[in-house]
Amino acid sequence: MSKVLIIGGGIVGLSSAYYLQKKGYQVTVLDKGDITDNCSFGNAGMIVPSHFVPLAAPGMISQGIRWMFNSKSPFYVRPSVNGNLIKWGLKFVKHATAKHLANSAEPLRDLSLLSKKLYEDLAKEPGFEFELTNNGILAFYKTEKAGEEEAHLAARAIELGLDMAVLSAEQCKALQPDLKLDVLGAVHYRCDAHLYPAKLMNALLEFLTASGVKIIKNKEVTKIETSGNRITRVFAGIDVHEADQYVIATGSWSPAVAKMVDLNISLMPGKGYSFMEVEPTNRLTIPALLCEARVAITPMNGRIRYGGTMELDKINTRINMQRVKGIVESVPQYFPDLNPAIPNQNDIWYGFRPCSPDGLPYIGKTEKKQNLVIATGHGMMGLSLGPATGILVSELIAETTTSLNLDAFKVERK
Ligand SMILES: Cc1cc2nc3c(=O)[nH]c(=O)nc-3n(C[C@H](O)[C@H](O)[C@H](O)COP(=O)(O)OP(=O)(O)OC[C@H]3O[C@@H](n4cnc5c(N)ncnc54)[C@H](O)[C@@H]3O)c2cc1C
């Protein structure tokens, strides 16, 4: 039986393991952490076919610069002479065009819809109860400007065959009757869904372990040995691992791991925060996006998760309380009777979205190493795109026809 070693136990690595073991491969997953708290655990849990617009989109640069001067804003780039950030920024600017947006919409939509379907299938498997709920997402706006942008997005989404509806404030109230709303309107992304990420990740870990997948925790890959165009061995400190095929699915750490095989992957960690609050009355039944504030609110596990911000900086453990306050203060502006308290530092989760400069993931083989698949760069959509990426990884390894055309996601694209 052919052996596959997956480096990284986030949603992308575990989904790859899931589909590979189904195809009969002998799979090992290696992670530097204990797989209880990576970016795939504390995220907002939204499954978002609605997000066919990549981060690199027209208007993001001027908006981003305006946000830079507000300490509570949802977006921040630490100005530095970091070579990676400069190269990333130049690529981002190059891709923030209407043409790139038009070219990306269909590949992103198809990847998302495949993933959503796979989540629906997974939720029917025994042991996979992870609160998958098909209520859509309500993107609320308070200003005419955001309303126009949302209406434009909804029109394009409908052209792409996605189910969306523009709602008045009254129609919003009818959908969330138990909550006061102070909004101009919303777009109901009816094509979207949500789930509880920790339950999903733990169900996957349990299933994989029971199916014979070896999960090795707290072992950091420090060196990858190659011979010609093949990987021969992977070192995690003094431990040595050999396999026939290898997968790099190390999220925001992927540039450093890819460098070990002489590959350059342009990626910046986009740090975001989240925290949970008890909401005993379960008044919020549909996840919400607060458009102007860029905050996500999701009901899960009998509580509410609030999440947001995007700090592009080196990986670090600092918690910027100003930005957390920005999230807290935005909530009652849309929901006057939801008043989350400022959380204690210990109750604040943070994770690093692996952000590619053009907003598309990297999924594919490389020219340099024949027995390697790269699966990373999913940015704000990694949870959504996990299962589709996993099945594609398994097809690339098996060298069978892939479920989707992967040209848009080529690893060595410019
Ligand atoms: C606040 C916030 C909200 C979000 N909300 C959503 C949402 O609603 N919907 C959505 O789709 N996405 C969301 N995201 C994005 C999503 O969480 C990420 O895109 C996704 O989790 C990335 O998964 P991954 O498997 O690529 O990386 P990760 O989950 O980061 O996993 C990578 C793993 O690789 C391991 N690793 C790294 N280096 C090494 C090494 N050298 N050796 C061994 N192991 C290594 C790490 O320990 C880690 O466990 C959100 C993110 C944030 C921060």
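Residues numbered from 1 in each chain as written. Predicted model: local features only at pLDDT ≥ 70, side-chain atom pairs only at ≥ 80, totals over all residues. Heavy atoms only, no water.

Identification of the protein as FAD-dependent oxidoreductase from Pedobacter frigidisoli is taken from an unreviewed UniProt entry.

Asks: Would you mind showing me how to read the overall build of the protein here?
Replies: When its secondary structure is counted, the protein shows ten helices and 20 strands. A compact globule built from 414 residues should have a C-alpha radius of gyration of about 22 Å, and the protein, at 21 Å, falls within 12% of that. Counting only C-alpha atoms, the protein reaches 65 × 50 × 45 Å along its principal axes. Counting every position in the protein, which comprises 414 residues, the buried fraction comes to 57%. Partitioning the contacts of the protein with sequence separation of at least 6, the portion at a separation of at least 24 is 76%. Accessible surface, the protein: about 17500 Å² in total, of which carbon and sulfur atoms supply 52%. (Helix = DSSP H or I, 4+ residues; strand = E, 2+ residues; numbered from the N terminus. Rg over C-alpha atoms; globule rule 2.2 N^0.38 Å. Buried < 20%, exposed > 50% of the residue type's maximum accessible area, 1.4 Å probe, protein only. Contact = heavy atoms within 4.5 Å. Areas by Shrake-Rupley, 256 points an atom, 1.4 Å probe, with all protein chains shown as cover.)

Asks: What exactly am I supposed to notice about the sheet that holds strand β19 (residues 362-365) here?
Replies: Paired through backbone hydrogen bonds, the strands of a sheet run either parallel or antiparallel to each other. Sheet architecture is open: six strands sit in the order β9-β2-β1-β13-β20-β19, paired in mixed fashion. Each edge of the open sheet carries a strand with a single partner, namely β9 (214-216) and β19. Across this sheet, the average inter-strand angle for adjacent strands is 15 degrees, counted without regard to direction. Bridge count between strand β13 (residues 245-248) and strand β20 (residues 372-376): three bridges; the pairing is parallel. The partner of Tyr246 across the bridge, within β20, is Leu372. (Pairing = 2+ DSSP bridges. Axes fitted to C-alpha atoms, helices over the stretch in contact; angles between N-to-C directions.)

Asks: Would you mind showing me how to read the sheet that holds strand β10 (residues 223-227) here?
Replies: The three strands lie next to each other as β10-β11-β12, forming an open sheet whose pairing is antiparallel. Strands with a single pairing partner mark the edges of an open sheet, and in this sheet they are β10 and β12 (239-241). Strand-to-strand twist across the sheet, computed as the mean angle between neighbouring axes with direction ignored, equals 25 degrees. Across five bridges, β10 lies against strand β11 (residues 230-236) in antiparallel orientation. When the sheet's bridge partners are listed, Ser227 is paired in β11 with Arg230.

Asks: Would you explain a positive patch on the surface in this entry?
Replies: Residues Lys87, Lys91, Lys94, Lys259, Lys368 and Lys414 make up a contiguous surface patch of positive charge. Considering each element in turn, the positive patch owes the most residues, three residues, to helix α3 (residues 83-95). Along the chain, the position of Lys259 falls in helix α8 (residues 254-259). (Patch = residues over 30% accessible without salt bridge, like charges linked within 9 Å, V, L, I, M, F, W, Y side chains within 5 Å. Salt bridge = Lys/Arg side-chain N within 4 Å of Asp/Glu carboxyl O. Lys, Arg positive; Asp, Glu negative; His and termini not counted. Charge placed at Lys NZ, Arg CZ, Asp CG, Glu CD.)

Asks: What is the right way to read the pattern of salt bridges from this model?
Replies: Where side chains of opposite charge bring their charged atoms close, a pairing between them can arise. Going through the model one piece at a time under the given rule, you end up with 17 salt bridges. A salt bridge links Arg109 to Asp110; its shortest N-O distance comes to 2.9 Å. A salt bridge links Lys219 to Asp239; the shortest N-O distance between them is 3.2 Å. With a gap of 20 residues between them, Lys219 in the loop between β9 and β10 and Asp239 in strand β12 connect regions that are remote in the sequence. For Asp239, a relative accessible area of 25% gives the class partly exposed.

Asks: What's the story with the pairing of strand β18 (residues 349-355) in this structure? I'm lost.
Replies: Remark: a regular strand shows side chains that alternate across the two faces of the sheet. Most of β18 sits inside the fold, with six of its seven residues counted as buried. Sheet topology places strand β14 (residues 268-278) next to β18; seven bridges connect them, and they run antiparallel. Paired with Met268 across the bridge in β18 is Cys355.

Asks: It is not clear to me how unusual backbone geometry should be interpreted in this structure. Could you clarify?
Replies: Trans is the common state for peptide bonds, and a negative phi is the common state for residues other than glycine. At Glu131, a position not held by glycine, the phi torsion is positive, near 60 degrees. Tracing the sequence through the fold places Glu131 in the loop between α4 (98-123) and β5 (137-141). Positive phi, close to 55 degrees, is recorded for Glu399, a residue that is not glycine. Residue placement: Glu399 occurs in the segment after α10 (382-398).

Asks: Would you mind showing me how to read the site of the ligand here?
Replies: In the vicinity of the ligand lie 37 residues, with Asp31, Ser40, Met46, Gly379 and Ser384 positioned nearest. Separating an oxygen atom of the ligand from a backbone N or O atom of Cys39 is a distance of 3.0 Å. Between the ligand and the protein, one listed contact pairs a nitrogen atom with a backbone N or O atom of Ala44 at 3.0 Å. Protein contact buries 96% of the 1000 Å² of open area that the ligand shows by itself. When contributions to the shell around the ligand are tallied by element, the ones reaching two or more residues are α1 (11-22), β14, β18 and α10. When residues in the shell around the ligand are grouped by element, the largest group, four residues, is from β18. (Near = heavy atom within 4 Å. Polar contact = N/O pair within 3.5 Å; in protein donor to acceptor, adjacent residues only side chain to side chain.)

Asks: Explanation requested: the nonpolar core in the structure shown.
Replies: Most often, soluble globular proteins keep nonpolar side chains buried together rather than apart. Ile6, Tyr119 and Leu200 are the most contacted members of the largest nonpolar core, which has 74 residues in total. With eight residues, α10 is the single largest residue contributor to this core. In this view, Ile6 contacts Gly13, Ser16, Ala17, Leu20, Val27, Thr28, Val29, Leu30, Val247 and Ala249; residues no more than four positions away in its chain are not counted. Within the second largest apolar cluster, 30 residues are counted, among which are Leu167, Leu179, Ile319 and Ile327. (Core = buried A, V, L, I, M, F, W, Y, C linked by side-chain atoms within 4.5 Å.)

Asks: For this particular structure, what's the right way to read the environment of Tyr362?
Replies: If you trace the backbone, Tyr362 turns up in strand β19. With relative accessibility at 5%, the residue Tyr362 sits in the buried group. With eleven residues separating them along the chain, Tyr362 and Val373 place their C-alpha atoms 9.6 Å apart. A polar atom in the side chain of Tyr362 sits 2.7 Å from the backbone oxygen of Ser266.

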